Amino acid sequence: MEINFKIIVLMLSILFTGLTAGLCFTWSNAITPGIGKLDDLGFLQSFQAMNRAIINPSFLIVFLGPVLLLFINAFLHRNTHPTTFWSFMVAAILFFLGIGLITVFKNVPLNEVLDKTVLDNLSAVELKELRTKFEQPWNRWHMQRTIASFTSFALLLIGLIYTK
């Protein structure tokens, strides 16, 4: 196999989408259920700490890179087997909607509300209210991201099978 721009974009698309799907899966299946067992203050402090730690260059490249890479990949495969092209195009659209838009318009605003809150200043009732406003909506939107990233990854693999 000759290494060229098209192959590099495809491999990075698969790698970054797979890493994002794995992160979302792990967060949905281990992290949120685990911290969900904590009391309100512990839960909110844990989420604040993780949200602050995860915003770093390597995470942003891997998590948001596919938003652009997947469309470039689909474009580069526009003249290949129709199953390949459409698998790649649907993967790009699904990732853009399910990761890009949901993250920006649903999860990040919830994260920002939590981040701006000084938890030590809240009463037990206020902590409970904040957790109620945050936890269920955040988890619901994150589950959509998990499904979208997994499906995008699977579509990339399907498209790869049909490449010539």
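Scroll up to find the structure this text is about.
Remember, it's a predicted structure, so these values are computed and weren't measured experimentally. (Residues numbered from 1 in each chain as written. Predicted model: local features only at pLDDT ≥ 70, side-chain atom pairs only at ≥ 80, totals over all residues. Heavy atoms only, no water.)

In this section: the nonpolar core. If you look at the biggest cluster of nonpolar residues, it comprises 30 residues, and the most contacted ones within it are L44, F47, L114 and F134. Broken down by secondary-structure element, the contributors of at least two residues to this core are α1 (5–35), α2 (40–54), α3 (57–76), α4 (82–116) and α5 (124–162). Among the elements that make up this core, the one with the highest residue count is α4 (nine residues). Setting aside its immediate chain neighbours within four residues, F134 contacts F43, F47, N51, L110, N111 and L114. (Core = buried A, V, L, I, M, F, W, Y, C linked by side-chain atoms within 4.5 Å. Buried < 20%, exposed > 50% of the residue type's maximum accessible area, 1.4 Å probe, protein only. Helix = DSSP H or I, 4+ residues; strand = E, 2+ residues; numbered from the N terminus. Contact = heavy atoms within 4.5 Å.)

Considering only enclosed or pocket space, the largest pocket measures out at about 410 Å³ in volume. If you trace the largest pocket, you find 21 residues lining it, with I54, I55, F59, V108 and N111 closest to the centre. A total of eight residues in the lining of the largest pocket trace back to one element, the largest contributor, which is α4. The residue makeup of the lining of the largest pocket, split by class, is 11 nonpolar, six polar and four charged. (1 Å grid on protein atoms, 1.4 Å probe; cavity = no way out; pocket = protein on both sides within 12 Å on 5 of 7 lines; lining within 4 Å. Points joined across faces, edges and corners; volume = space filled by probe spheres on them. Nonpolar A, V, L, I, M, F, W, Y, C, P; charged D, E, K, R; others polar.)

For the rest of this paragraph, the subject is the packing of aromatic side chains. Tallied over the entire structure, the rule returns 10 aromatic pairs. On the basis of an interplanar angle of 50 degrees and a centroid distance of 5.5 Å, the ring pair of F43 and F47 is categorised as tilted. Of this pair, F43 and F47 both sit in helix α2, four residues apart, which is roughly one turn of the helix. By relative accessible area, F43 is classed as buried at 1%. Residue F47 is classed as buried on the basis of its relative accessible area of 1%. Between F71 and F96, the aromatic rings sit 6.3 Å apart at their centres with planes inclined by 75 degrees, giving edge-to-face as the arrangement. Placement of the pair is F71 in helix α3 and F96 in helix α4, with a sequence separation of 25 residues. Judged by its relative accessible area of 30%, F71 falls in the partly exposed class. A relative accessible area of 32% means that F96 is categorised as partly exposed. Through pairs of rings, three or more aromatic residues link up here, namely W27, F43, F47, F134 and W138. (Phe/Tyr/Trp six-rings, centres within 6.5 Å; stacked < 30°, edge-to-face > 60°.)

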